[in-house]
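# Descriptive structure summary
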Amino acid sequence: MEAGPMTDPFDLLEIGSLLSEEERDIQATVRAFLADRVRPHIADWFENATFPRELVPELGKLGLLGMHLTGYGCAGAGAVAYGLACLELEGVDSGLRSFVSVQGSLSMYSIWRYGSEEQKQQWLPRLAAGEAIGCFALTEPDHGSDPANMSTRAVRDGSDWILNGTKTWITNGGLADVATVWASTEEGVRGFLVPRGTPGFTTLDIKQKLSLRASVTSELSFADVRLPESARLPEAHSLGAPLSCLNEARFGILFGALGAARDSLQTALTYADTRVQFDRPISGFQLTQRKLADMAVKLDTGMLLAVHLGRLKEAGRIRPEHVSVGKLNNVRTAIDIARQCRSILGANGVSLEYSPLRHANNLESVLTYEGTEEVHTLVVGQALTGQSAFR
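Right, let's walk through the structure included here.

Criteria and cut-off values
Residues numbered from 1 in each chain as written. Predicted model: local features only at pLDDT ≥ 70, side-chain atom pairs only at ≥ 80, totals over all residues. Heavy atoms only, no water. Helix = DSSP H or I, 4+ residues; strand = E, 2+ residues; numbered from the N terminus. Rg over C-alpha atoms; globule rule 2.2 N^0.38 Å. Contact = heavy atoms within 4.5 Å. Pairing = 2+ DSSP bridges. Axes fitted to C-alpha atoms, helices over the stretch in contact; angles between N-to-C directions. Parallel < 35°, antiparallel > 145°, perpendicular 65-115°, else oblique. Left-handed = near helix turned anticlockwise from the far one by under 90°. Nonpolar A, V, L, I, M, F, W, Y, C, P; charged D, E, K, R; others polar. Patch = residues over 30% accessible without salt bridge, like charges linked within 9 Å, V, L, I, M, F, W, Y side chains within 5 Å. Areas by Shrake-Rupley, 256 points an atom, 1.4 Å probe, with all protein chains shown as cover. Salt bridge = Lys/Arg side-chain N within 4 Å of Asp/Glu carboxyl O. Buried < 20%, exposed > 50% of the residue type's maximum accessible area, 1.4 Å probe, protein only. Phe/Tyr/Trp six-rings, centres within 6.5 Å; stacked < 30°, edge-to-face > 60°. Lys NZ or Arg CZ within 6 Å of the ring centre and 35° of its normal. Core = buried A, V, L, I, M, F, W, Y, C linked by side-chain atoms within 4.5 Å. Lys, Arg positive; Asp, Glu negative; His and termini not counted.

## Observations concerning the overall build of the chain
Within the chain one finds eleven helices and eleven strands. Against the 2.2 N^0.38 benchmark of 21 Å for 391 residues, the chain shows a C-alpha radius of gyration of 21 Å, consistent with a compact globule. Once the C-alpha set of the chain is aligned to its principal axes, its extents read approximately 80 × 45 × 40 Å. The long-range share in the chain, meaning contacts at least 24 apart out of those at least 6 apart in sequence, stands at 75%.

This is how it looks when you write it as structure tokens:
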């Protein structure tokens with residue numbers, strides 16, 4: 001008697017055996033929550049370009065917001081546990097994982113790592129609980145991959161700062177109660193916490209997106225925004241500060257993207273086993289099996305890489321080029337798998353009834369944000385050769 005389709009492609013290489021019991025429990029808890037509260041609705045949210053803000057306190061109650069940080073109401077989870085949560089979140093939709101990544105690894109991490117004790121006490125417990133939402137404003141209309149040349153500027157005016165400029169493609173921007181805004185100053189790049197409602201600070205949500213539709217993406221504008229010195233992140237002294245925050249978020253991406261790939265492959269496996277053509281399931285045809293086998297090998301290889309990088313991070317040995325290898329390989333792998341799975345579904349694959357094309361569309365954004373495929377390629381190239389090809 002032949003076995004049915006493998007329900008979890010990670011079983012092919014027994015990936016679960018590399019995880020602790022606590023890590024598996026965290027993953028299962030997140031998966032169960034998403035199956036109940038999110039998965040039944042995500043296709044409609046994607047189609048209607050709606051982000052479920054009402055879920056944010058529930059994400060906080062689960063401990064998912066800033067879960068890898070310590071203190072201030074944060075869970076203090078290990079790197080692999082955090083990665084597995086990102087994997088489950090993106091297995092439902094990249095927009096949900098993007099929200100959690102921006103909230104925890106960009107907004108909260110920037111305050112946790114570079115903020116004053118007063119700033120931490122004011123914001124981190126609320127952000128961890130989902131009582132407040134944060135965003136991270138670095139990208140500008142004319143400065144995406146080259147933030148060193150940002151146009152947003154803050155100048156001193158007595159004991160205050162005056163902030164002017166525009167940021168764009170900011171996840172959570174239109175929802176955020178506080179924005180971490182990076183600006184050039186006479187002393188170099190500095191970070192500022194700008195609460196919603198500050199005079200001169202406005203947001204405009206970006207519409208007509210073909211990707212990350214179940215996510216809020218916004219343009220932020222600052223017109224003579226007056227900020228006290230207490231709004232500045234006192235420990236952020238250079239461009240290295242926001243770049244270190246991006247590395248935190250990229251780590252979640254290298255796990256998360258595999259969630260989208262796994263969900264796509266699970267969908268294709270189930271479909272191929274039940275779709276009958278020429279009097280037999282299409283899973284029995286050699287061409288289909290080759291597609292499935294190739295995708296499973298790539299997926300499991302990417303997961304081995306992710307777990308390895310997680311263990312390096314837990315040991316305090318992870319370097320920026322390690323994260324670039326992970327994001328470059330795993331996002332590239334995920335988008336290829338999502339597209340290939342769509343092909344197995346045939347015409348049905350273009351329907352929101354099935355997830356692969358939705359994942360592929362989302363992954364187009366993941367491929368671009370927090371370092372494009374090209375930029376991460378050059379980071380790896382510089383690590384290999386010692387030569388910078390950026391300029």
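From this point on, the discussion continues.
## Some remarks on the pairing of strand 9 (residues 217–228)
On any regular strand, side chains alternate: one points to one face of the sheet, the next to the other face. Relative to strand 9, strand 5 (residues 160–171) is paired through nine bridges, and the arrangement is antiparallel. For I170, the partnering residue across the bridge sits in strand 9 and is S218. Strand direction decides the pairing type here: strand 8 (residues 201–205) and strand 9, joined by five bridges, are antiparallel. Of the residues in strand 9, the one forming a bridge with F201 is F222.

## So, the packing of helix 7 (residues 240–274) against helix 9 (residues 320–344)
The interhelical angle for the contact between helix 7 and helix 9, taken along N-to-C directions, is 20°, at an axis separation of 8 Å. The angle between the axes of helix 7 and helix 9 places the two elements in the roughly parallel class. Our pair here, helix 7 against helix 9, has a crossing hand that is left-handed. Of the residues that constitute the contact of helix 7 with helix 9, the class distribution is 18 nonpolar, four polar and two charged.

## Quick word on a nonpolar patch on the surface
Residues M6, L12, L13, L18, V297 and L304 make up a contiguous nonpolar surface patch of about 500 Å² in total accessible area. In this structure, L13 sits in the segment before helix 1 (21–37). L13 sits in the partly exposed class, given a relative accessible area of 46%.

## Things to note about the packing of aromatic side chains
Throughout the structure, instances matching the rule amount to eight aromatic pairs. Aromatic side chains F136 and W182 sit 5.9 Å apart centroid to centroid with 55° between the ring planes, which places their arrangement in the tilted category. Here the residue F136 occupies a position in strand 3 (residues 134–137), and W182 occupies one in strand 6 (residues 178–185), the gap between them amounting to 46 residues. With respect to class, F136 is no different from W182; both count as buried. Geometrically, the ring pair formed by F278 and F285 is edge-to-face, given 6.5 Å between the ring centres and 80° between the ring planes. The class for F278 is exposed, based on a relative accessible area of 75%. Sitting over the face of the ring of F285, R280 holds its NZ or CZ atom 4.8 Å from the ring centroid. Taking NZ or CZ as reference, K313 lies 5.6 Å from the ring centre of F251, over its face.

## Here's the deal with unusual backbone geometry
A negative phi angle is the norm for most residues apart from glycine, just as the trans form is the norm for most peptide bonds. Positive phi, normally seen in glycine, also occurs at A49, with a value near 55°. With respect to the helices, strands and loops of the structure, A49 is situated in the loop between helix 2 (42–47) and helix 3 (56–61). Classification of A49 by relative accessible area gives partly exposed; the value is 44%. The backbone of E370 sits at a positive phi, close to 55°, despite the residue not being glycine. Judged by relative accessible area, E370 falls into the buried class, the value being 13%.

## Some points on the pattern of salt bridges
One pass over the full model with this rule turns up 19 salt bridges. In this structure, E58 engages R37 in a salt bridge whose closest nitrogen and oxygen atoms are separated by 2.6 Å. Of this pair, E58 sits in helix 3 while R37 sits in helix 1, placing them 21 residues apart in sequence. Taking the shortest distance from any N to any O, the salt bridge between D93 and R358 comes out at 2.8 Å. With a gap of 265 residues between them, D93 in the loop between helix 4 (79–92) and helix 5 (94–114) and R358 in helix 10 (residues 356–368) connect regions that are remote in the sequence. Take D93: its relative accessible area is 0%, and that puts it in the buried class. Residue classification places R358 among the buried positions, given a relative accessible area of 6%. In this structure, a network of salt bridges that share partners links the residues R156, E187, E229 and R232.

## Comments concerning the nonpolar core
Grouped together as the largest cluster of nonpolar side chains are 101 residues, with contacts concentrated most on W182 and M303. With 17 residues, helix 7 is the single largest residue contributor to this core. Core analysis: the second largest hydrophobic core is formed by 18 residues, A137, I170, A179 and V225 among them.

## Quick word on the side chain of D8
Structurally, D8 can be placed in the segment before helix 1. With no salt bridge to any partner, buried D8 finds its closest opposite charge in R262, at an N-O distance of 4.2 Å. With near-sequence residues (within four places) excluded, D8 lies in contact with R262 and Q266.

## Remarks on the packing of helix 5 against helix 6 (residues 117–129)
At their nearest, the axes of helix 5 and helix 6 sit 9 Å apart, and the two run at 160° to each other. When the interaxial angle is binned, helix 5 and helix 6 end up roughly antiparallel. Note on packing geometry: the crossing formed by helix 5 with helix 6 is left-handed. Where helix 5 approaches helix 6, its residues Q103, S107, M108, I111 and W112 are matched on the opposing element by Q119, K120, W123, L124, L127 and A128. Tallied by class, the residues present in the contact of helix 5 with helix 6 amount to seven nonpolar, three polar and one charged.

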